[in-house]
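# Structural characterization, general
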Amino acid sequence: MIVFENVTKLYPPNIKALDEFSLEVKPGEFVSVVGQSGTGKTTMVRALIGEERVSSGKIKIGDWDITRLRQREVPYLRRQIGVIFQDFKLLPSKTLFENVAFAMQVCGHLPSKINTIVPQVLKLVGLEKKIHRYPQEVSGGEQQRVVIARSLVHHPKILLADEPTGNLDSINAADIVNLLEKINKFGTTVILVTHNKDIVNSLRRRVVTVDAGRVISDQKVGKYIL
Amino acid sequence: MILLSTIRVLKFAAQDFFRNFWLSLVTVTILILSLFSINFIIVVGVISQTAITAVEDKIDLNLYLIPDAGEDDIAALKSELERLDGVKDVSYISKAQALEAFQSKHQANQSIQDALREVGKNPLSASLIVEARELNNYTAIIDSLNNLSKHAVIESQNFDDHKTLLKTMSAITARTRQVGILVSLIFVAVTILVVFNAVRIAIYTHQKEIRIMKLVGASNWFIRAPFLAEAIFYALAGTLVIIVIFYPFLQLLQPYLGAFFNAESLNIIAYFNHNFITIFGIEFLAACLINTLASLLAVGKYMKV
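To start, this report covers the structure provided alongside it. Computed from a predicted model, the values in this text were never measured in an experiment.

Attention now moves to the overall build of chain B. In terms of helices and strands, chain B carries 11 helices and four strands. Put simply, chain B has 305 residues, and 23% of those count as buried. When contacts within chain B are restricted to residue pairs at least 6 apart in sequence, those whose partners lie at least 24 apart make up 85%.

Right, let's get into the overall build of chain A. Within chain A one finds seven helices and 10 strands. Counting only residues that meet the buried cut, chain A has 42% of its 226 residues in that class. Within chain A, contacts between residues at least 6 apart in sequence are counted, and of these 67% link residues at least 24 apart.

Okay, the interface of chain A and chain B next. Facing 18 residues of chain A, the contacting portion of chain B comprises 16 residues. Put simply, the parts of the chain that give the side of chain A that touches chain B at least two residues each are helix H2 (74–80) and helix H3 (96–105) of chain A. Looking at which element gives the most residues to the side of chain A that touches chain B, the answer is H2(A), with four residues. Classifying every residue of the side of chain A that touches chain B by side-chain character gives nine nonpolar, four polar and five charged.

Residues and elements named next belong to chain B. Where helix H9 (residues 220–260) contacts helix H11 (residues 276–302), the two axes come as close as 8 Å, and the packing angle between them is 150 degrees. Between H9 and H11, the angle falls in the class roughly antiparallel. Between H9 and H11 lies a crossing of right-handed hand. Residues Arg 224, Phe 227, Leu 228, Ala 231, Ile 232, Tyr 234, Ala 235, Leu 236, Gly 238, Thr 239 and Ile 243 of H9 form the contact with H11, whose own contacting residues are Phe 280, Glu 283, Phe 284, Ala 287, Cys 288, Asn 291, Thr 292, Ala 294, Ser 295, Leu 296 and Val 299.

All names here are of chain A. Bridge count for strand E1 (residues 2–11) against strand E4 (residues 56–61) is five bridges, and the pairing is antiparallel. Residue pairing across strands places Phe 4 opposite Ile 59, the latter belonging to E4. Note that E4 and strand E5 (residues 64–65) share two bridges and pair antiparallel. The residue of E5 that forms the bridge with Ile 61 is Trp 64. Between E4 and E5, which follow one another and run antiparallel, lie two residues, and Gly 62 among them has a positive phi close to 65 degrees.

With that settled, consider the sheet that holds strand E3 (residues 30–34) of chain A. Residues and elements named next belong to chain A. Spatial ordering of the open sheet is given by E6-E7-E8-E3-E9-E10, a layout of six strands whose pairing is mixed. Two strands bound the open sheet, and with one partner strand each, they are strand E6 (81–84) and strand E10 (214–219). For this sheet, the mean inter-axis angle between neighbouring strands, taken without regard to orientation, is 20 degrees. Its contacts with the sheet place helix H1 (residues 41–48) against E3, E6, strand E7 (158–162), strand E8 (189–194) and strand E9 (206–211), and it is angled at close to 145 degrees to E7. Across the sheet, helix H5 (residues 140–152) is in contact with E6 and E7; its angle to E6 comes to roughly 165 degrees.

Residue and element names in this part refer to chain B. Here helix H1 (residues 2–19) is 18 residues long and its end C-alpha atoms lie 25 Å apart, about the 26 Å a rise of 1.5 Å per residue gives. Along H1, the residues that are buried comprise Val 9, Phe 12, Asp 16 and Phe 17. With its buried residues spanning 140 degrees around the axis, H1 presents them on a single face. Set apart from the buried face of H1 by more than 90 degrees, the exposed residues are Leu 3, Ile 7 and Phe 18.

Turning to the nonpolar core, a few remarks are in order. Nonpolar side chains in soluble globular proteins tend to end up buried together. Grouped together as the largest cluster of nonpolar side chains are 100 residues, with contacts concentrated most on A:Val100, A:Val121, A:Leu122, A:Ala149, A:Leu160 and B:Val199. The greatest single-element share of this core, amounting to 10 residues, is contributed by H9(B). Once residues lying within four places of it in the same chain are set aside, the contact partners of A:Ala149 are A:Val100, A:Val121, A:Leu122, A:Leu124, A:Val125 and A:Leu127. Among the nonpolar cores identified, the runner-up in size contains 13 residues, and B:Leu63, B:Leu77, B:Ile93 and B:Leu128 belong to it.

Our focus in this paragraph is helix H6 (residues 170–185) of chain A. Residues and elements named next belong to chain A. Compared with an ideal rise of 1.5 Å per residue, which puts 16 residues at 22 Å, H6 spans 23 Å between its outermost C-alpha atoms and is within 8% of the ideal. By the burial criterion, the buried members of H6 are Ala 173, Ile 176, Val 177, Leu 179, Leu 180 and Ile 183. End-on, the buried residues of H6 take up no more than an arc of 155 degrees, which puts them together on one face. Pointing more than 90 degrees away from the buried face of H6 are the exposed residues Ser 170, Ile 171, Asn 178 and Lys 185. Two residues or fewer after H6 comes Gly 187, characterised by a positive phi angle close to 110 degrees.

What follows covers the sheet that holds strand E2 (residues 87–93) of chain B. Strand pairing in a sheet takes place through backbone hydrogen bonds and is either antiparallel or parallel in direction. Residues and elements named next belong to chain B. What the four strands build is an open sheet, ordered E2-E3-E1-E4; its pairing is antiparallel. With one partner strand each, in any of the chains shown, E2 and strand E4 (154–157) form the two edges of the open sheet. Between one strand axis and the next, the sheet turns through 25 degrees on average, direction left out of account. Of the strands in this sheet, strand E1 (61–65), E2 and strand E3 (127–132) touch helix H3 (residues 71–82), which is tilted by about 160 degrees from E2.

Here we come to the environment of B:Leu128. Residues and elements named next belong to chain B. Mapped onto the elements of the fold, Leu 128 is located in strand E3. For the pair formed by Leu 128 and Tyr 64, sequence separation is 64 residues and the distance between their alpha carbons is 6.6 Å. Setting aside chain neighbours within four positions, we find Leu 128 in contact with Leu 63, Leu 65, Leu 77, Lys 78, Leu 81, Val 90 and Tyr 92.

What counts as what
Residues numbered from 1 in each chain as written. Chains lettered and ligands numbered in written order. Predicted model: local features only at pLDDT ≥ 70, side-chain atom pairs only at ≥ 80, totals over all residues. Helix = DSSP H or I, 4+ residues; strand = E, 2+ residues; numbered from the N terminus. Buried ≥ 20, exposed ≤ 12 C-beta atoms within 10 Å, placed from the backbone. Contact = placed C-beta atoms within 7 Å. Nonpolar A, V, L, I, M, F, W, Y, C, P; charged D, E, K, R; others polar. Axes fitted to C-alpha atoms, helices over the stretch in contact; angles between N-to-C directions. Parallel < 35°, antiparallel > 145°, perpendicular 65-115°, else oblique. Left-handed = near helix turned anticlockwise from the far one by under 90°. Pairing = 2+ DSSP bridges. Expected span 1.5 Å × (residues − 1). Arc of directions from axis to C-beta. Core = buried A, V, L, I, M, F, W, Y, C linked by C-beta atoms within 7 Å.

So this is what it looks like as structure tokens:
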């Protein structure tokens with residue numbers, strides 16, 4: 001269970017990115033968080049992965065109050081949460097295999113484990129035949145699939161996707177959303193932050209609408225209402 | 001797992017060292033200049049010490065005695081001198097011994113030999129030679145000897161110039177050391193700035209990797225460690241290169257030093273060989289410390305993890 005409890009985030013001089021933001025997400029849910037640019041969606045994501053300290057309120061994952069995390073505990077939080085951003089953030093000098101393996105190497109995993117898991121996650125995203133290609137040799141949709149594969153190597157309980165289809169055409173965007181649904185079916189909680197109306201409407205899942213740092217609508221099977 | 005992570009940290013650091021080769025080259029070059037100046041101070045120190053020892057050996061505080069000085073008077077004066085503070089030894093040179101030594105020293109000079117024959121008798125005086133325990137004792141001994149100079153058996157003395165020579169030598173040695181330390185400190189400060197800048201640029205060029213490492217949950221230690229390891233690589237490269245280039249420099253210097261002093265009394269290469277671990281080991285550790293400090297400053301300032 002992810003709980004945002006009256007979370008406020010202030011930026012100097014007095015800009016409220018989140019304003020008494022409250023939200024509950026149950027384990028295994030697929031939630032779309034929608035809203036226009038600058039409404040606090042990305043601040044919510046950054047607060048959830050410990051990149052931003054909130055000004056007041058609480059964020060809990062299970063019994064874990066992550067607003068009181070010590071700096072050295074942040075990496076352990078991030079291994080529990082897979083994160084996908086709009087810009088693909090792949091290393092151009094590494095192959096697709098190496099890009100995914102990098103996420104495991106920097107967390108101290110053994111080569112034998114890396115050689116087992118990386119092909120599995122690349123197969124899951126449908127890239128098992130392109131593992132030795134470089135990012136610039138595959139399409140934008142495939143690059144985003146690699147990022148998804150990379151976010152899955154630690155078997156996260158939560159997958160945060162912040163505008164994952166922002167740089168993709170409609171066909172590739174649909175593929176990515178299908179992949180997120182597939183991951184959700186394995187039991188992973190998925191929070192999809194987007195302002196893509198078509199995707200949200202086609203999903204027919206829970207939709208949380210954010211405006212001015214507050215939740216203004218929370219529909220169990222929702223539509224994009226802005 | 002710690003070993004595996006350490007190997008990966010070293011691998012990332014090595015990759016970065018060679019990827020930013022020109023930046024690494026400049027950083028290591030500045031470090032080499034620092035180490036060169038420090039080693040040069042060591043050489044100057046060794047030369048100064050050898051020169052002082054040589055002067056100590058050559059300084060004779062001679063008290064020349066009147067020709068008809070009695071054995072008892074000479075013995076009394078000798079024992080009086082031996083009781084002075086800082087005096088190590090007092091030796092008596094008779095007229096005959098003085099002549100023998102003089103002839104031996106100038107045996108190649110025919111005109112001096114002819115002059116001695118012309119005089120027909122031994123023109124030299126017997127003398128007492130005073131040797132100090134340490135160079136520093138000479139000044140006090142000279143003062144004491146000046147008070148003794150009215151002693152009945154003393155004809156003359158020859159130690160006035162030594163005081164000036166010793167003062168000049170001490171002053172030159174101290175000044176050379178001061179300038180050397182100042183130059184070294186400047187190079188150390190420049191090294192800190194250059195390493196700081198190199199790490200800052202390395203962080204800048206690795207922004208993407210650092211961002212990914214943070215996102216996937218790499219520990220803060222793992223993210224920072226390659227930059228610290230890189231600083232140690234600079235220290236290692238600098239120390240290895242200074243060893244490679246300083247020995248040829250010493251080989252160039254040695255013939256001049258050997259000719260000026262005495263090849264047996266000053267072998268600068270042998271000195272560095274004998275103290276190899278101490279000199280280069282301490283320099284490596286000091287360079288590691290300075291570079292790590294600069295790297296920590298840069299990482300702390302430019303990398304928020």
